[in-house]
Amino acid sequence: MKKILTFSIFCLSFAPNVFGATLHWWEQPTVCKLDPTKCYTTMGMGYDNELWDSDTKCWGMKLICPEALTTGGKEPVAMSRNAISKKTGIDNDFDTNVLNGDCFGARKTKNNGSMASVNGEYIRVWCNGILDEISVNKNEDEYLENGEITNGTEPTCKELAEYGYVATENGKCYGKYYDLAKYYIECDDKGILPSRIIVLNGADYMSSSDKSPTDASSASKIFDSMESVSKSQRKIYFKE
């Protein structure tokens, strides 16, 4: 009996060395641990690492920007991963995976950022300064990385043409400029794009003449006549 007891004590005294004496007790494989696979691996800007997410049993919550929330507000709101994945109270026009300053939630864009999502539809992003110059809906304009969008009515062809702009892409935004001393932008009521852009070929449109058009209708007739002559001459000298 004495021999058996002595052997048991020997085993107990040397057991920790056999199973890894260099490991702390909390690192032993038998210790219960939380599953970190659902937790944020890193947390910097846009996170509150002092909040406990009871859904995932993890520390840390994302801060969602107020403009990305259906309730609005002025301050970012900390949300659990479960609520974010279910898009609880999140505007579908915003991407909560994109950091927007000190919180998450940037408006969705496409076409290299030249189109932005508003109410589920993509609208033009106007180059900086165009909407301010035209003063269409100043109180409803929103500034993005590549320019501005309006949550109201977009400018018409005529409103743009008055300042020399055309609703075509200009890099990562819309609003190509044409010098009104060199180009005539003709608009109709069919859409936001002009019906045609006419090169003035150095003509002084400010000079007075008895034959100068007095209104838009007269000018259109002259341009139509010029276009007709050009087409007939093309048929003569350029055979298809």
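Keep in mind the model is a prediction, meaning the values are calculated, not measured. Every chain is numbered independently, its residues counted from 1 as its sequence is written. For a predicted model such as this one, the threshold for reporting local features is a pLDDT of at least 70, and the threshold for listing and counting side-chain atom pairs is 80 or more; totals across whole chains, interfaces and linings nevertheless cover every residue. Side-chain measures were taken over the full set of non-hydrogen atoms in the model, leaving aside hydrogen atoms and water.

### Some points on the layout of surface pockets
Item 1. Note on definitions: the grid is 1 Å and covers protein atoms alone; a cavity is a set of points where a 1.4 Å probe fits but cannot get out; a pocket is an open set with protein on both sides within 12 Å along at least five of seven lines; lining residues have an atom within 4 Å of a point. Grid points are joined across faces, edges and corners, and a volume is the space filled by probe spheres set on the points. For the second largest pocket, the calculated volume is near 310 Å³.
Item 2. Strands are runs of DSSP state E lasting at least two residues, helices are runs of H or I lasting at least four, and both sets are numbered from the N terminus onward. Contributions of two or more residues to the lining of the second largest pocket are made by strand E4 (94–99), strand E5 (104–107) and strand E9 (141–143).
Item 3. Each residue receives one of three labels: charged for Asp, Glu, Lys and Arg, nonpolar for Ala, Val, Leu, Ile, Met, Phe, Trp, Tyr, Cys and Pro, and polar for the others, Gly being one of them. Taken together, the residues of the lining of the second largest pocket break down into 6 nonpolar, 5 polar and 6 charged.

### Re the pattern of salt bridges
Item 1. We count a salt bridge whenever a side-chain nitrogen from Lys or Arg sits within 4 Å of a carboxyl oxygen from Asp or Glu. Counted by the stated rule, this structure contains 4 salt bridges.
Item 2. Linking Lys 158 and Asp 189 is a salt bridge whose minimum nitrogen-to-oxygen distance equals 4.0 Å. Here Asp 189 lies in the loop between strand E13 (183–186) and strand E14 (196–199) and Lys 158 lies in helix H4 (residues 157–161), a separation of 31 residues in the sequence.
Item 3. Under the relative-accessibility criterion, Lys 158 is labelled exposed at 52%.
Item 4. Exposure remark for Asp 189: the relative accessible area of 75% places this residue in the exposed category.
Item 5. In this structure, Glu 186 engages Arg 196 in a salt bridge whose closest nitrogen and oxygen atoms are separated by 2.7 Å. Note that Glu 186 is positioned in strand E13 and Arg 196 in strand E14, a separation of 10 residues in sequence. We call a residue buried when its accessible area falls under 20% of the maximum for its residue type, exposed when it is over 50%, and partly exposed in between, using a 1.4 Å probe and counting protein chains only.

### Overview of the pairing of strand E1 (residues 47–53)
Along any regular strand the residues' side chains alternate between the sheet's two faces.
Item 1. If DSSP finds at least two bridges between two strands, the strands pair. Two elements, E1 and strand E2 (residues 58–64), share 4 bridges in a ladder whose sense is antiparallel. Note on E2: the bridge partner recorded for Tyr 47 is Lys 62.

### Brief notes about the nonpolar core
Item 1. Among the nonpolar cores identified, the biggest contains 12 residues, and these are Met 115, Trp 126, Cys 127, Ile 130, Leu 131, Ile 134, Leu 160, Tyr 165, Ala 167, Cys 173, Tyr 174 and Ile 192.
Item 2. Mapped by element, the contributors of at least two residues to this core are helix H3 (130–134) and strand E11 (165–169).
Item 3. Not counting chain neighbours up to four residues away, the residues in contact with Tyr 174 comprise Ser 114, Met 115, Arg 124, Val 125, Trp 126, Cys 127, Ile 130, Ala 167, Thr 168 and Glu 169.
Item 4. The next biggest cluster of nonpolar side chains, apart from the first, holds 10 residues, and it includes Ala 68, Met 79, Ala 83 and Ile 84. To qualify as a nonpolar core, a set must consist of buried Ala, Val, Leu, Ile, Met, Phe, Trp, Tyr and Cys residues joined through side-chain atoms within 4.5 Å. By the convention used here, residues are in contact when the closest approach between their heavy atoms is within 4.5 Å.

### Comments concerning the pairing of E11
Item 1. Summarising the sheet, E11 and strand E12 (residues 174–177) pair through 3 bridges and their orientation is antiparallel. Pairing of Tyr 165 across the sheet is with Tyr 177, part of E12.
Item 2. Counting the residues in the hairpin turn of E11 and E12 gives 4 residues, including Gly 171, whose phi is positive at 80 degrees.

### Considering the environment of Asp 179
Item 1. Mapped onto the secondary structure, Asp 179 falls in the loop between E12 and E13.
Item 2. Classification of Asp 179 as partly exposed rests on a relative accessible area of 31%.

### Let's talk about the packing of aromatic side chains
Item 1. For Phe, Tyr and Trp, rings pair up if their centres lie within 6.5 Å, where Trp contributes its six-membered ring, and each pair is then called stacked (planes under 30 degrees apart), edge-to-face (over 60) or tilted (otherwise). Here the structure, examined in full by the defined rule, presents 6 aromatic pairs.
Item 2. Ring centres 4.9 Å apart and planes at 65 degrees place the aromatic pair Tyr 40 and Tyr 47 in the edge-to-face group.
Item 3. Judged by its relative accessible area of 17%, Tyr 40 falls in the buried class.
Item 4. Aromatic side chains Trp 126 and Tyr 174 sit 6.5 Å apart centroid to centroid with 65 degrees between the ring planes, which places their arrangement in the edge-to-face category. With a gap of 48 residues between them, Trp 126 in the loop between strand E8 (121–124) and H3 and Tyr 174 in strand E12 connect regions that are remote in the sequence.
Item 5. With relative accessibility at 0%, the residue Trp 126 sits in the buried group.

### Thoughts on the state of the cysteines
Item 1. Defined by distance alone, a disulfide is two cysteine sulfur atoms within 2.5 Å. Under the defined criterion, the tally for this structure stands at 4 disulfides.
Item 2. In this model Cys 65 forms its disulfide with Cys 103; the gap between the sulfur atoms is 2.0 Å. Looking down the S-S bond of the Cys 65 and Cys 103 bridge, the torsion is 105 degrees, so its handedness is right-handed. Of this pair, Cys 65 sits in the loop between E2 and strand E3 (77–79) while Cys 103 sits in the loop between E4 and E5, and the two are 38 residues apart along the sequence. We note that Cys 65, like Cys 103, is buried.
Item 3. Each bonded cysteine of the chain is numbered by sequence order, and under that numbering the disulfide pairs are 1-2, 3-4, 5-7, 6-8.

### Looking at the confidence of the model for the chain
Item 1. Within a predicted model, pLDDT stands for the predictor's per-residue confidence, ranging from 0 to 100. Scored by pLDDT, the chain has a mean of 81; 75% of the residues are at 70 or more.
Item 2. Ranking the elements of the chain by mean pLDDT puts helix H1 (residues 2–18) last, at 41, and E3 first, at 97.
Item 3. Counted against residues more than four places away or in other chains, residues 1–20, with its pLDDT under 50, gives 3 contacts.

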